[in-house]
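An overview of the molecular structure
Residues per chain are reported as follows:
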Amino acid sequence: MNMLHVYDYGIILAYFLLVTGVGFYFKKVASGSMESYFLGGRQIPWWLLGTSGMAHFFDMTGTMLIVSFLFLLGPRGLYIEFRGGAVLGLAFMMCWAGKWHRRSQCITNAEWMNFRFGENPGGNAARLLTAISALIMTVGIIAYLAKGAGLFLSMFIPIRPMFCALIMLFVATLYTMTAGFFGVVITDLIQSSIVLVVAVFISIMALIKIGDFQSFSALTETVTGNSLWVSTMPSWHTTMPEGYKPYEALGLFALFYFLRTVIGSMGSGDDPKYFGARSDRECGKLTCLWTSLIMLRWPMMISIAVLGIYLVAQLFPDQSVLVQTAELIRQYNPDVAKELWPDLLAGIIHSPGNYDPSMIEGIKGFLGDNWAQDLQLVSYEGTVNPERILPAVLLYQIPPGLTGLMLVALVAAAMSSFDSELNRACAFFVRDIYQHFLRPHAKVGELMLASRMTCVTIAAAGFIMTYTAESINDIWGWFIMGLGSGLIAPMVLRLYWWRFNGYGFATGVAFGLTGAILQRAFAGGMLEWQQFLLAGSLSLVGSVLGAMLTQPTDQETLNKFYRITRPFGIWGQFKNRLPAEEQEAVTREHRNDIISLPFALLWQICLFILPMQFIIHAYRDFAITLVFFLIGISGMYIFWYRNLPDDQPEGTFRDALNNLKSQSNNQT
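A brief structural summary. (Residues numbered from 1 in each chain as written. Predicted model: local features only at pLDDT ≥ 70, side-chain atom pairs only at ≥ 80, totals over all residues. Heavy atoms only, no water.)

1. Let's talk about the overall build of the chain
What counts, and what does not: Only runs of H or I of at least four residues qualify as helices and only runs of E of at least two qualify as strands under DSSP, and these elements are numbered from the N terminus. Accessibility here uses a 1.4 Å probe with only protein chains present; expressed as a share of the type maximum, an area under 20% marks a residue as buried, one over 50% as exposed, and anything in between as partly exposed. Any two residues whose heavy atoms approach within 4.5 Å at even a single point are treated as in contact. All accessible-area figures derive from a Shrake-Rupley calculation using a 1.4 Å probe, and residue coverage is judged against the displayed protein chains alone.
Counting secondary structure elements, the chain contains 31 helices and 0 strands. The buried share among the 668 residues of the chain stands at 63%. Contacts in the chain between residues far apart in sequence, at least 24 positions, make up 82% of those at least 6 positions apart. Accessible surface, the chain as shown: approximately 24,300 Å² in total, 65% of it carbon and sulfur.

Written out as structure tokens, the structure is:
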């Protein structure tokens, strides 16, 4: 079986040593205060926050998942990822949601609940439920990331996927709990640099690999069975293999995911990067940079899908052997569950002597001399496992040395997502549960210890959850359409409806999360749109009932919230209390923000599609998309960028580091 060369493993080891070293180097800087640990003391430049955001969203597991849909659908795989992978919520955060949260000067979204609903039982209930929901969501994200990391790394390291996931979690947890937000951002910068270099390199490889457009189009249909692979236009129906049949209604899914994302994104903006930003203008600029950098993910992913097309055509000229191989393995292992299929294959590949010799001989007969490497691509259903196209391409089509660098880039992407999520969850527990409710007079040292213990606990819970997931798509679907949908109603209503109160928020979250968790436990096979309707409906009913059956938030709290945040929506009576000049300014700001949104969405979608069309040589479609891209960016410039507020002079990165060191020394 092909594995990496010694110097590839050396590159990987050097990377792990580097990030853990960064964590320990910034340990003292991060320990000065809670604001230093969780937000970098609000001293980090906007460009560094934007780069960190790109690294946070450029995760290994998501890349594997999106590559799988691009392998099956071509550029149209983007429309499936309207559910989350296309990060359309960034447009809302750029136009208004990010700056609305920054204005509170809170550290976490849970603390923001007291700012919105007041220091009262309702506000405290909302704060507690927000923190609890964030912890549950983080466990789900960690499980999703760990599942993908295990599948990915097990193709390069001769151990089972679960142990690979455990190694990743251990390293990420170690440097996150030592370095805090500042260390996370610095490692994100290092990791982003590696990722971007690799993205450019692999895009060039695919661009050169494709010769004649018509020949490549014919090859994609032969390999995937999809006659519209090179098309960009969404269609109502498409061809999908076993295990992905629900997505055959592509147009319906794309529309549904887009609407769900638009509704959910209305309540976004609570990312720590916005709480850590220094001004409204920086919120907008960091998000624009964030979106522009994440664009490079798409040419890289379509390039991997292209190389995967050529690889599968080479390895499996007759794909019927995949069905025969899967049936043979299930025959000898009738009790294997789909979620444990990767571990079973890893056991067969690395320790064939532990299995029935007749089964091993049968596999060799179907797959040939290279059966061990080919077996990793066999899915439970007997098709090519699209979630393993990414690691297969790196292992079999990239030269030694470069393989190690590209592997480090994707490991870096995974680590960036792990560390950001862990840091965020620790902030919720320590700031909003431990300090606020349990130990309000705890000193910094005690809070640091509580944060580090929380890191370990959440990582362990996420690792355990990976055992229940059939695939990374299974976890992501539930996370976005089930668990995430259970939070939409309260997250949106808190911003746009003055009558919504803390009890309504807490009730809506409790209803939504309970519904999503019970659905996962007792009806795991429920389709994604059904999960959305169940969790979303329960959450909406709970939110409205909780708000209307209890007293509204007091007027003083609401007046303060509106004067600082200045949201649009059902806030007319509070806006009317402002001086006429301020009312006019608020109206102008809201008008520009709302008009900017469709242009920002158009710009973002075209930004992702254009490089994919260029890579696969679809130049006619590229020219059409370019026109829409120019319309989008022109509208953004007129209605958004020209209206960004003036900013204070920007500090340098060195200034930020020196300020944090000074804060730390003062605490000491």
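2. Description of the pattern of salt bridges
Rules: Salt bridge, as used here: a side-chain nitrogen of Lys or Arg that lies within 4 Å of a carboxyl oxygen of Asp or Glu.
All told, the structure shown has 17 salt bridges when counted by the stated rule. Measuring nitrogen to oxygen at the nearest pair gives 3.5 Å for the salt bridge that ties Arg83 to Glu81. By relative accessible area, Arg83 is classed as buried at 1%. With a relative accessible area of 1%, Glu81 lands in the buried category. Note that Lys273 is salt-bridged to Asp271, the shortest N-O span being 3.4 Å. Take Lys273: its relative accessible area is 3%, and that puts it in the buried class. For Asp271, a relative accessible area of 9% corresponds to the buried category. Because the salt bridges share partners, they merge into one network encompassing Lys99, Arg102, Arg103, Asp280, Arg566, Glu589 and Asp593.

3. Focus on the packing of aromatic side chains
The cut-off we apply is this: Classification of ring pairs uses Phe, Tyr and Trp, with its six-membered ring standing for Trp, and accepts pairs whose centres are within 6.5 Å; under 30 degrees between planes counts as stacked, over 60 as edge-to-face, and the remaining range as tilted. In our convention, an over-ring charge means Lys NZ or Arg CZ found within 6 Å of a ring centre and within 35 degrees of that ring's normal.
Enumeration according to the criterion identifies 36 aromatic pairs in this entry. Members of the aromatic cluster, joined through ring pairs, are Phe69, Tyr244, Tyr247, Phe253, Phe256, Tyr257 and Phe532. The residue whose ring lies beneath Arg116 is Phe561, and the NZ or CZ to ring-centre distance is 5.2 Å. The side chain of Arg330 reaches across the aromatic face of Tyr380, ending 5.4 Å from its centre.

4. Topic: empty space enclosed by the protein
The condition that has to hold: Residues are called lining when one of their atoms sits within 4 Å of a cavity or pocket point, these points coming from a 1 Å grid over the protein atoms alone, where a cavity is a set in which a 1.4 Å probe fits but cannot get out and a pocket is an open set with protein on both sides within 12 Å along at least five of seven lines. Grid points are joined across faces, edges and corners, and a volume is the space filled by probe spheres set on the points. Note that Gly is not counted as nonpolar here; it falls among the polar residues with everything else outside the nonpolar set of Ala, Val, Leu, Ile, Met, Phe, Trp, Tyr, Cys and Pro and the charged set of Asp, Glu, Lys and Arg.
For the structure shown, the criterion picks out 5 cavities of 30 Å³ or more. Each pocket or cavity is described by its volume, and for the largest cavity that value is around 1,200 Å³. Taken together, 46 residues form the lining of the largest cavity, with Phe57, Met137, Ile141, Phe479 and Ile480 sitting closest to its centre. Elements supplying a minimum of two residues to the lining of the largest cavity: α4 (46-57), α5 (60-73), α7 (89-102), α9 (121-153), α12 (250-265), α21 (402-438), α23 (472-483) and α24 (488-496). In terms of residue count, α9 provides more of the lining of the largest cavity than any other element does, 8 residues in total. Partitioning the lining of the largest cavity into residue classes produces 20 nonpolar, 17 polar and 9 charged.

5. Quick look at unusual backbone geometry
One non-glycine residue with positive phi stands out, namely Val87, at about 45°. Within the secondary structure, Val87 is located in the loop between α6 (77-80) and α7. The buried category is assigned to Val87, whose relative accessible area is 12%. Look at Arg566: it is not a glycine, yet its phi comes out positive at around 55°. In this structure, Arg566 sits in the loop between α27 (555-565) and α28 (572-575).

6. What to know about the side chain of Thr238
Here is the rule we go by: Any pair of N or O atoms that falls within 3.5 Å is considered a polar contact. Within protein, one atom must be able to donate a hydrogen and the other to accept it, and sequence-neighbouring residues count only if both atoms are side-chain atoms.
Locating Thr238 in the fold gives a position in the loop between α11 (213-224) and α12. Engagement of the side chain of Thr238 in a polar contact is seen with the side chain of Arg76, the distance being 3.2 Å. Engagement of the side chain of Thr238 in a polar contact is seen with the side chain of Asn226, the distance being 3.1 Å. Setting aside residues no more than four positions away along its own chain, Thr238 makes contact with Leu73, Arg76, Asn226, Tyr247, Glu248 and Leu250.

7. What about helix α30 (residues 619-639)?
Note the following rule: In a helix, the anticipated span is given by 1.5 Å times the number of residues less one.
The end-to-end C-alpha distance of α30, which contains 21 residues, comes to 30 Å, matching closely the 30 Å that a straight helix rising 1.5 Å per residue would cover. Buried residues in α30 make contact with α7 and α29 (580-615).

8. Describing the nonpolar core
Most often, soluble globular proteins keep nonpolar side chains buried together rather than apart. Formally: The set of buried Ala, Val, Leu, Ile, Met, Phe, Trp, Tyr and Cys residues whose side-chain atoms join them within 4.5 Å is what this entry labels a nonpolar core.
With 204 residues, the main nonpolar core has Phe152, Ile348 and Leu375 as its most contacted residues. The dominant element in this core, judged by the number of residues it contributes, is α9, at 17 residues. Judged by nonpolar contacts, the second largest core, of 5 residues, contains Val430, Tyr434, Ala442 and Ala450.

9. As for the packing of α29 against α30
Put simply, the rule reads: Each axis is a line fitted through C-alpha atoms, taken for helices only over the stretch in contact, and angles between the N-to-C directions span 0 to 180 degrees. Small angles under 35 degrees read as roughly parallel and large ones over 145 as roughly antiparallel, with 65 to 115 read as roughly perpendicular and the rest as oblique. Two helices that cross are described as forming a left-handed crossing if the nearer one is turned anticlockwise from the farther one by less than a right angle, and a right-handed crossing if clockwise.
α30 packs onto α29 with a crossing angle of 150° between their chain directions and a minimal axis gap of 7 Å. Judged by the inter-axis angle, α29 sits roughly antiparallel to α30. Between α29 and α30 lies a crossing of left-handed hand. Partitioning the contact of α29 with α30 into residue classes produces 19 nonpolar, 6 polar and 1 charged.

10. A closer look at the environment of Leu345
Note that Leu345 resides in helix α17 (residues 341-350). For the pair Leu345 and Tyr380, spaced 35 residues apart in sequence, the C-alpha to C-alpha distance is 9.9 Å. When residues no more than four places from it in sequence are discounted, the contact partners of Leu345 are Ile329, Leu375 and Val378.

11. Here we look at the packing of α7 against helix α14 (residues 280-294)
Where α7 contacts α14, the two axes come as close as 8 Å, and the packing angle between them is 150°. When the axes of α7 and α14 are compared, the pair comes out roughly antiparallel. Here the hand of the crossing between α7 and α14 comes out right-handed. Between α7, through Leu90, Met93, Met94, Gly98, Lys99 and Arg102, and α14, the contact on the second element is made entirely by Asp280, Cys283, Gly284, Thr287, Cys288, Trp290 and Thr291. Per-class residue counts for the contact of α7 with α14 are 6 nonpolar, 4 polar and 3 charged.

12. Here's the deal with helix α15 (residues 297-315)
The end-to-end C-alpha distance of α15, which contains 19 residues, comes to 26 Å, matching closely the 27 Å that a straight helix rising 1.5 Å per residue would cover. A large share of α15 lies buried, amounting to 17 of its 19 residues.

13. Considerations on the environment of Gly365
Looking at the secondary structure, you find Gly365 in helix α18 (residues 357-367). A residue is classified by how much of its surface remains accessible, and Gly365, at 61% relative accessible area, is exposed.

14. Quick word on the side chain of Asn501
Of note, Asn501 is situated in the loop between α24 and α25 (502-522). Ignoring sequence-local partners within four residues, the contact set of Asn501 consists of Phe117, Gly546, Ala547, Thr550, Gln551, Pro552 and Thr553.

15. Section: a nonpolar patch on the surface
Definition in use: Patch definition: residues above 30% relative accessible area lacking any salt bridge, with like charges linked at up to 9 Å and the nonpolar side chains Val, Leu, Ile, Met, Phe, Trp and Tyr linked at up to 5 Å.
On the surface, a cluster of nonpolar side chains totalling about 530 Å² of accessible area is made up of Phe511, Leu534, Leu538, Val541, Leu545 and Leu549. The greatest single-element share of the nonpolar patch, amounting to 4 residues, is contributed by helix α26 (residues 528-548). Looking at where Leu545 falls in the secondary structure, it is placed in helix α26.

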